[in-house]
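Observations on chain architecture
So you can see what is in the structure, the chains are spelled out below.
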Amino acid sequence: MTRPAPFRRAWLALLLLAGCTGNGPQQLDTDQVGYAQALGDGLKRQMLLNMVRLRYADVPTFLSVSQVITGYTLQTTGQVGLNAYPTANPGNYATGSGTMQYTTRPTFTFTPMTGEQFAQSYLRPLAAAELLSLAQSGAPVDLLFRLGVQSVNGMPNGATRGGEAQEASGGFLALIGALRQAQAAGAVGLRFERHGGAGRVFLLLDGDTPAVRQARSLLGLGHAEREAEVVYGRTRAGRGQVAILTRSVLQVLYELGAQIEVAEADVARGDTRATEDGFGERLIRVRQGTRAPADAYAAVPYRQRWFWVEQGDYRSKASFTFAYILQVLAESGRGQPTPVVTIPAQ
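Keep in mind that what you see is a predicted model, and the values were worked out from it rather than measured.

**Thoughts on the overall build of the chain**
Of the regular secondary structure elements, the chain holds 10 helices and 14 strands. Looking at the 346 residues of the chain, the share that counts as buried comes to 40%. Restricting the contact set of the chain to residue pairs at least 6 apart, pairs at least 24 apart contribute 62%. When the accessible area of the chain is evaluated, it comes to approximately 18,700 Å², of which 55% is carbon and sulfur surface.

This is the structure:
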């Protein structure tokens, strides 16, 4: 027997309400992706804002998301009825009703980075082993050195001191170029030694290609020397060593911030210094204007203006991304808590 249309509609409504009660796994999958993207975008904007603040001699602020708690409540009720003779008629033979209530209560916990945590994460120089480990994992060694290294064996990197740009030395640029070619050929590696509580790191330069020979020569190594111990400092203490003076995360952000474009009116008022032209090829280009494009890679407002990195600027995005990775490495290496996401569902 074919059931009347009102009867079928009533049962359909109840089935839909019942199906909504099994949304736990689907909601977890949606939230995992959504919160990961939101946390990543928020950290990008925070880093860009700190670069802009440093550009204007303003105080940077670092907030760490330590916990995310989201609770969901889904309540459904349904009712179906049949009307019999004598009240039944084609219009009310079957009745159905239902209600559904959905509630979400997200809670976020932010931890400001101050005191010893700030000093450990942002003021202390990066570990040279971490930089070289990133290069061994495939990150461009020339970009990492331009971002995180102040000098190698006394050969200075480009830097901004007191608002004035200092170009990188020819030896430094030649070295990172040779290392990049050697890396592409798979000739750059690391070796670790540990004796007791002390550890030693060695830079390996294998092979006999022109790039490897040039890198050995610039590092002061002999033709037959295949490795050199990596030590922290401006100059090496003896043969068989590579002295690397690294930057802190705050220095990295300051150097990138010095390359941000600013309005001429801000320079005229003394709010900031004019952008120097002595950087050579810029690592990053941060645009500024009254409005940021909708598809910007990262954009933040500051003092009635917008600053952004363009989506189509691959070099700037790569520099920005690796600066972010260096910041994460510095934070994780100093005992910082990792974000905890708790999603209870009812």
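**Re the confidence of the model for the chain**
The predicted coordinates ought not to be read in detail in places where the model reports low pLDDT. Averaged over all residues, the pLDDT of the chain equals 79, while 68% of them reach at least 70. Averaged pLDDT values over the elements of the chain bottom out at 49 in strand S14 (residues 340–342) and peak at 96 in strand S13 (residues 305–309).

**Here's the deal with the sheet that holds strand S12 (residues 298–302)**
On the basis of which strands lie adjacent, the open sheet formed by 3 strands has the order S11-S13-S12 and antiparallel pairing. The open sheet is flanked by strand S11 (287–289) and S12, the only strands paired with a single partner. Strand-to-strand twist of the sheet, defined as the mean angle between neighbouring strand axes without regard to direction, takes the value 20°.

**Overview of the sheet that holds strand S3 (residues 149–152)**
On the basis of which strands lie adjacent, the open sheet formed by 6 strands has the order S4-S3-S10-S9-S8-S7 and mixed pairing. The sheet terminates laterally at strand S4 (155–156) and strand S7 (188–195), the two strands that pair on one side only. Pairing between S7 and strand S8 (residues 198–205): 8 bridges, direction antiparallel. Bridge assignment links Phe 192 to a residue of S8, and that residue is Val 201.

**Examining the pairing of strand S9 (residues 227–232)**
Within a regular strand, the side chains alternate between the two sheet faces. Relative to S9, S8 runs antiparallel, the two being bridged by 3 bridges. Opposite Phe 202, over in S9, you have Glu 229 as the bridge partner. In this structure, S9 lies alongside strand S10 (residues 241–246), joined through 4 bridges in parallel fashion. By the bridge assignment, Tyr 232 is partnered in S10 with Ile 244.

**Observations concerning the nonpolar core**
Core analysis: the largest hydrophobic core is formed by 65 residues, its most contacted members being Met 51 and Phe 145. For Met 51, the residues in contact, after removing those within four places along its chain, are Leu 253, Leu 256, Gly 257, Ile 260, Ile 284, Val 286 and Phe 320.

**Let's talk about the packing of aromatic side chains**
A full pass over the atoms with the stated rule returns 3 aromatic pairs. On the basis of an interplanar angle of 75° and a centroid distance of 6.2 Å, the ring pair of Tyr 56 and Phe 307 is categorised as edge-to-face. You can see Tyr 56 sitting in the loop between helix H2 (24–55) and strand S1 (63–82) and its partner Phe 307 sitting in strand S13, a full 251 residues away along the chain. One exposure class covers both Tyr 56 and Phe 307, and it is buried.

**Some thoughts on helix H6 (residues 170–184)**
Over its 15 residues, H6 runs 21 Å from end to end, which matches the ideal 21 Å to within 8%, given 1.5 Å per residue. The set of residues buried in H6 consists of Phe 172, Leu 175, Ile 176, Ala 178, Leu 179, Ala 182 and Gln 183. All buried residues of H6 project into a common sector of 160° when viewed along the axis, lining one side. With respect to the buried face of H6, the exposed residues turned more than 90 degrees away are Gly 170, Gln 181 and Ala 184. Following H6 by one or two positions, Gly 186 adopts a phi angle in the positive range, close to 75°.

**Quick look at the pattern of salt bridges**
Using the criterion set out here, one finds 14 salt bridges in the structure. A salt bridge links Arg 191 to Glu 227; its shortest N-O distance comes to 2.6 Å. Residue Arg 191 is located in strand S7, and its partner Glu 227 is located in strand S9; the two are separated by 36 residues in the primary sequence. Residue Glu 227 is classed as partly exposed on the basis of its relative accessible area of 29%. The salt bridge involving Arg 303 is made with Asp 271; its shortest N-O contact spans 3.2 Å.

**Let's talk about the packing of helix H5 (residues 141–148) against helix H10 (residues 314–332)**
Remark: H5 packs on H10, axes separated minimally by 10 Å, with the N-to-C direction vectors making an angle of 65°. It follows that H5 is roughly perpendicular to H10 by the angle criterion. As for how H5 packs across H10, the hand of that crossing is right-handed. Along the contact surface, H5 presents Leu 143, Leu 144, Arg 146, Leu 147 and Gly 148, while H10 presents Arg 315, Ala 318, Ser 319, Phe 322, Ala 323 and Leu 326. Residues that form the contact of H5 with H10 fall into these classes: 7 nonpolar, 2 polar and 2 charged.

Analysis parameters
- Residues numbered from 1 in each chain as written.
- Predicted model: local features only at pLDDT ≥ 70, side-chain atom pairs only at ≥ 80, totals over all residues.
- Heavy atoms only, no water.
- Helix = DSSP H or I, 4+ residues; strand = E, 2+ residues; numbered from the N terminus.
- Buried < 20%, exposed > 50% of the residue type's maximum accessible area, 1.4 Å probe, protein only.
- Contact = heavy atoms within 4.5 Å.
- Areas by Shrake-Rupley, 256 points an atom, 1.4 Å probe, with all protein chains shown as cover.
- pLDDT = per-residue confidence, 0-100.
- Pairing = 2+ DSSP bridges.
- Axes fitted to C-alpha atoms, helices over the stretch in contact; angles between N-to-C directions.
- Core = buried A, V, L, I, M, F, W, Y, C linked by side-chain atoms within 4.5 Å.
- Phe/Tyr/Trp six-rings, centres within 6.5 Å; stacked < 30°, edge-to-face > 60°.
- Expected span 1.5 Å × (residues − 1).
- Arc of directions from axis to C-beta.
- Salt bridge = Lys/Arg side-chain N within 4 Å of Asp/Glu carboxyl O.
- Parallel < 35°, antiparallel > 145°, perpendicular 65-115°, else oblique.
- Left-handed = near helix turned anticlockwise from the far one by under 90°.
- Nonpolar A, V, L, I, M, F, W, Y, C, P; charged D, E, K, R; others polar.

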